[in-house]
Every structure is written in C-alpha cells, then in structure tokens.
Amino acid sequence: MSQMPDVTGSQKAIIPGVLDWVGMSDVEVMLKYSHNSNSHINTEMSVEENQLGNLYIPAKSSVYVDLKDPQAKGIHMSRLYLILQELSEENFSLAAAKAGLDKLVDSQGGSSENAKFDLEFELPLVRKALVSKREGLRHYPVKLEFQKTANLSQYIVDFKVYYSSTCPCSAALARQLIQEHWMKQMEGRQNISAEEVGDWLSKESSILATPHAQRSEAHIRMALDFNESNGFDFIDWIDAFENELGTPVQAAVKREDEQEFARLN
C-alpha cells in the first residue's frame, strides 16, 4: 500500500498565521478514578468494602493545543484524541494529567508549545441519611480543567453542591405573626403553665406562618498550582463543602431525617 498523504506536514499554509488554541470539544471518554473516600457508588457494598475502589465514570472532554508555526497547515487532531483515550485507560491522577499535557504538546512535532484539556462529568455518590440508616443516590456536576503554557501551569476543580437554605427575613416575619397570635389568645391571662404553652405550640392552628426555604446552589471553583500540589481527591472536597454547609439536599429520608433537616435549616 502506498504511503498516504499528510497535508499537515507536507504542505504550507496559503495564508500564514498562528492560533492560540485549536482542537476538539465534547469528546466522549471514560474516567477511571481510584478513591479512598467514605463516599461510594455501589449500594450493594458497605462503605468499608468500597473504600479502595475504582469509579468508572462516563465523561466528556475538550482538548486543545496552540499552533505556533505560521507555515503549518494545521495540527494532528487524531493524536489529541488518542492521548485522551490513553488517559481513559489508566487510573486518573494529577501525575497522569501532567504527563498528558506534555504528550499533547509533543504529539504535534514542534508546532505547539501549550496545551489544555478538561473532563466534565456527573459524579454519582451514594449519600447516607442524616439520622436513619437509609441511603440514596445523588449526582454532582464536576469539571476538571488542566492547562500548561509558558507562563502558567495549573489545574482547576469546578463542582456544584446543592443545599437547602431558609430565608432569615421570612423566618423573622413568621415569628412576628406567631408572637402576635399568642399575645392575642393569651390576652388578660396572668398565669400560664409550661404544659399549656407546649400544648398551644403543638397545634397547627397556633403556627400561623412558616418561613420559606429554597434550594440553593454553591458553585465552587478552585484554581491550584501543579507545582504546589501532590494530588487531589475531588470527592473529599465535595464532602468537606457539604459538611460545612450543613444542609445538603437529601436523597432518602425518614421522619427522623426530615426533622433533623428542619433543625439544621
């Protein structure tokens, strides 16, 4: 079979020029990730059994290099794709991402010196209920971005955590209505027992208003220096932010979980 033509290397550009970034987006890949987190994705396994497990997560990737040679006809696009596939076949880590950036630059035979790629996916995690032993599945939008240029070497972890928040203004207005209702019903009475107060509070007719709560979104975006970090575990970071917020959106709930959720709000 005769050698097939390669216009990228054998022909010069008719109109010379350079490109900051050129590549492809929405490439379908698989992310293989080994984790040590207490979060897990297999409901048939206990947390302990799945502490040292592999997650296989469908993802989409965008990958780009620069084109610094003004005479080059273009880049070798298929080489970028194959490097992404190589990354999919091994356990993903910070070291693998750094090596992948170097491979992307080297794959262009001197026509490029900068590279970047990202991975975007829905992270499935089984979450425990607040009090009961129930569990439920939650999906977290995550995006990992990696970039290497002459002046910058960094990666970005971007994710969203959904949580419940109660409006403090609404809560204050609700308390005012309840207070006014209490004062009106107890007008003229001098002695009121604790039992009467408790009985009054337990009645639906006594609580004239409740504050409104809403689903809120915490969008966390962290830019980190490759040279100042030895690794990352984005599952642990999601856990940390949820614990700090205190009221992440729940999956499976029983009455005791619902009551605890209300208390936390």
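Anything mentioned here points back to the structure above.
Residues numbered from 1 in each chain as written. Predicted model: local features only at pLDDT ≥ 70, side-chain atom pairs only at ≥ 80, totals over all residues. Heavy atoms only, no water.

Peer 1: Any chance you could explain the overall build of the protein here in plain terms?
Peer 2: Looking only at helices and strands, one finds seven helices and six strands in the protein. Moving toward the C terminus, one meets the helices and strands of the protein in the order α-β-β-α-α-β-β-β-α-α-β-α-α. Out of the 265 residues in the protein, the part that is buried amounts to 39%. Split by element, the accessible area of the protein, about 16100 Å² in all, is 49% carbon and sulfur. (Helix = DSSP H or I, 4+ residues; strand = E, 2+ residues; numbered from the N terminus. Buried < 20%, exposed > 50% of the residue type's maximum accessible area, 1.4 Å probe, protein only. Areas by Shrake-Rupley, 256 points an atom, 1.4 Å probe, with all protein chains shown as cover.)

Peer 1: Any chance you could explain helix α6 (residues 234-245) here in plain terms?
Peer 2: Turn by turn, an α-helix covers 3.6 residues, leaving residues three or four places apart pointing in a common direction. Counted at 1.5 Å a residue, the expected span for α6 with its 12 residues is 16 Å, and the 17 Å between its end C-alpha atoms agrees. Within α6, the full set of buried residues consists of Phe234, Ile235, Ile238, Asp239 and Glu242. One face of α6 carries all of its buried residues, which in axial projection span an arc of 145°. In this structure, α6 carries Asn243 and Glu244 as exposed residues pointing more than 90 degrees from its buried face. Among the residues trailing α6, Gly246 stands out with phi positive, at a value near 90°. (Expected span 1.5 Å × (residues − 1). Arc of directions from axis to C-beta.)

Peer 1: Would you take a moment to explain the packing of aromatic side chains for this structure?
Peer 2: Between two aromatic rings, the relevant description is the distance of the centres plus the angle of the planes. Summed over the entire model, instances satisfying the criterion amount to seven aromatic pairs. For the pair Phe146 and Tyr155, a centre-to-centre distance of 6.1 Å together with 20° between the ring planes defines the contact as stacked. Side by side, Phe146 and Tyr155 carry an identical accessibility label, which is buried. Ring geometry for Trp182 and Trp200: centres 5.1 Å apart, planes at 80°, overall edge-to-face. Of this pair, Trp182 sits in helix α4 (residues 168-185) while Trp200 sits in helix α5 (residues 194-202), placing them 18 residues apart in sequence. (Phe/Tyr/Trp six-rings, centres within 6.5 Å; stacked < 30°, edge-to-face > 60°.)

Peer 1: What is the right way to read unusual backbone geometry from this model?
Peer 2: Negative phi characterises most residues that are not glycine, and trans characterises most peptide bonds. One non-glycine residue, Asp26, adopts positive backbone phi at about 55°. The topology assignment puts Asp26 in strand β1 (residues 19-35). Take Asp26: its relative accessible area is 53%, and that puts it in the exposed class.

Peer 1: Help me out: how do you make sense of a nonpolar patch on the surface in this one?
Peer 2: A cluster of nonpolar side chains, namely Leu130, Val131 and Leu264, defines an oily patch on the protein surface of about 220 Å² accessible area. Of note, Val131 is situated in the loop between β3 (115-128) and β4 (135-148). (Patch = residues over 30% accessible without salt bridge, like charges linked within 9 Å, V, L, I, M, F, W, Y side chains within 5 Å. Salt bridge = Lys/Arg side-chain N within 4 Å of Asp/Glu carboxyl O.)

Peer 1: Would you take a moment to explain helix α3 (residues 94-106) for this structure?
Peer 2: Compared with the 18 Å implied by 1.5 Å per residue over 13 residues, the 19 Å span of α3 between its first and last C-alpha is a close match. Listing the buried residues of α3 in full gives Leu94, Ala96, Ala97, Gly100, Leu101, Leu104 and Val105.

Peer 1: When you look at the environment of Glu196 in this model, what are you seeing that I'm missing?
Peer 2: Here Glu196 shows up in helix α5. Owing to a relative accessible area of 33%, Glu196 belongs among the partly exposed residues under this scheme. If near-sequence neighbours (up to four positions away) are discounted, Glu196 is found in contact with Arg189 and Asn191. A polar contact of 3.1 Å, which involves the side chain of Glu196, links it to the backbone nitrogen of Ser193. (Contact = heavy atoms within 4.5 Å. Polar contact = N/O pair within 3.5 Å; in protein donor to acceptor, adjacent residues only side chain to side chain.)

Peer 1: Honestly, the side chain of Ser170 in this entry has me stumped. Any pointers?
Peer 2: Mapped onto the secondary structure, Ser170 falls in helix α4. Excluding residues that lie within four positions of it along the chain, Ser170 makes contacts with Thr210, Pro211 and His212.

Peer 1: Can you walk me through the environment of Tyr56 in this structure?
Peer 2: Along the chain, the position of Tyr56 falls in strand β2 (residues 53-67). Relative accessible area serves as the criterion here: at 49%, Tyr56 is assigned to the partly exposed category. In this structure the C-alpha to C-alpha distance between Tyr56 and Met30, which are 26 residues apart in sequence, comes to 6.6 Å.

Peer 1: Teacher, can you tell me more about the state of the cysteines here?
Peer 2: Where two cysteines share a covalent bond between their sulfur atoms, that bond is called a disulfide. Summed over all chains, the structure comprises zero disulfides. Of all cysteine sulfurs in the structure, the one in Cys169 sits closest to Cys167, which takes part in no disulfide; the separation is 5.1 Å. (Disulfide = S-S within 2.5 Å.)

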